[in-house]
Amino acid sequence: MKKAAELLPRFLRRMERVCPAQCALVGLSGGIDSVVLFDLLQRAGFPRLVVAHFHHGLRGKAADRDEKFVRQLAATAGARFACGRGRARTRAAKNKESLEEAARELRRRFFARAAAKHDATTVFLAHHAGDAAETLLFHLARGAGRRGLSSLRGEVPLENSGATIVRPLLGFTRAEITAYARARKLAWREDTSNASRKFTRNRLRRDVLPALTQAMGFDPVPALARTAEILAAEEEWIGSLVAPEASLAQLELRSLRSKTLAHQRRLLRSWLGAHTGTSVDFETIEAARQLALSSGQPAKLNLPRGRHLRRRAGKLFVAQA
């Protein structure tokens, strides 16, 4: 493990493309990861930070104390403070989402609102290498491709916002972050829900990764995080290759049929996503591909949001129901 003193230079190298003079949000839960991120950003010379804290309506008084702690941390640093509140359980039940999914969506919406209010161009989040490794394993077990395996990226646009999410700690392990926090004598809050095996990510962290470490004879987290980073760059590149065709109103069946299997899938995913305004799953992509390859009936496929994929006169196009 690298020494705690080395984290700041490595952090600065990962931040070369971010302008410190612009206003930026930093998501601060009060946990060790976000506290370390806040400390590093201050030391890196970001004078216009807005501390953004979201209360999920979970964990009762403990969550209230987290909010108070973060508010005081912002005040001590002379940073502006933005707080949002939501009801994660209510949303999860209403939308049939997992509690984790509901909480994440509520946070994202809060960050978008806060970024717009404070005219922030960047939202810093404290995901680290361990989070990237867990995300890769989670999606691997569900049969994902490059996009799913690399979904926790260093930079990504924040939906419904002009801001960009930046995760500068993806190159750091939890052990390195902990060593840094202790060396700097930082205070943080412990979230007891992180120890619960009720959540999938916690089981991956507490059960799967230790078992994988024992089986491999070394800590696989840095290598898994590196794999996710490589796949993310490749995903961006491959996406750029099909972008011109994906923007077309219709696809020529003869051209589509001449492409390789991987090319067909990738083009259909991007093209269907562009025309439905939503992400399409593998089963839908395969059904669309079979529709394109076939010359028989039916020549129509139901798509999300009340749309249909149709095959007619040598072309493939999306129509509103």
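Note that the structure is predicted; figures quoted are calculated from it, not measured.

**Q** Any chance you could explain the pattern of salt bridges here in plain terms?
**A** Pairing is possible between side chains of opposite charge, provided their charged atoms come close. Counted by the stated rule, this structure contains 17 salt bridges. D39 serves as the salt-bridge partner of R184, at 3.0 Å between the closest nitrogen and oxygen. Placement of the pair is R184 in the loop between α8 (174-183) and α9 (200-216) and D39 in helix α2 (residues 32-43), with a sequence separation of 145 residues. For D39, a relative accessible area of 10% puts it in the buried group.

**Q** How should I be thinking about the side chain of N202 in this particular structure?
**A** Tracing the sequence through the fold places N202 in helix α9. Leaving out residues up to four positions away in the same chain, N202 has contacts with S193, N194, A195, S196 and D207.

**Q** Help me understand the state of the cysteines, please; the structure alone is not making it clear to me.
**A** By definition, a disulfide links the sulfur atoms of two cysteine residues through a covalent bond. The tally for this structure, following the rule as stated, stands at 0 disulfides. There is no disulfide at C19, and the cysteine sulfur nearest it, in C23, is 12 Å away.

**Q** I keep staring at the packing of aromatic side chains and nothing clicks. Help me out?
**A** Describing an aromatic ring pair means giving the distance of the ring centres and the angle of the ring planes. Counted according to the given criterion, the structure contains 3 aromatic pairs. Ring centres of F46 and F124 lie 5.5 Å apart, and the angle between their planes is 85°; on these two criteria the pair is classed as edge-to-face. Of this pair, F46 sits in the loop between α2 and β2 (49-55) while F124 sits in strand β4 (residues 122-124), and the two are 78 residues apart along the sequence. With respect to class, F46 is no different from F124; both count as buried. Ring geometry for F110 versus F111: centroids 5.6 Å apart, planes at 40°, classification tilted. Taken individually, F110 and F111 each receive the classification buried, so the pair is uniform in this respect. An aromatic cluster of three or more residues is present, and its members are F54, F110 and F111. Above the face of the F138 ring, R201 is positioned so that its terminal group lies 5.9 Å from the ring centre.

Calculation criteria
Residues numbered from 1 in each chain as written. Predicted model: local features only at pLDDT ≥ 70, side-chain atom pairs only at ≥ 80, totals over all residues. Heavy atoms only, no water. Salt bridge = Lys/Arg side-chain N within 4 Å of Asp/Glu carboxyl O. Helix = DSSP H or I, 4+ residues; strand = E, 2+ residues; numbered from the N terminus. Buried < 20%, exposed > 50% of the residue type's maximum accessible area, 1.4 Å probe, protein only. Contact = heavy atoms within 4.5 Å. Disulfide = S-S within 2.5 Å. Phe/Tyr/Trp six-rings, centres within 6.5 Å; stacked < 30°, edge-to-face > 60°. Lys NZ or Arg CZ within 6 Å of the ring centre and 35° of its normal.

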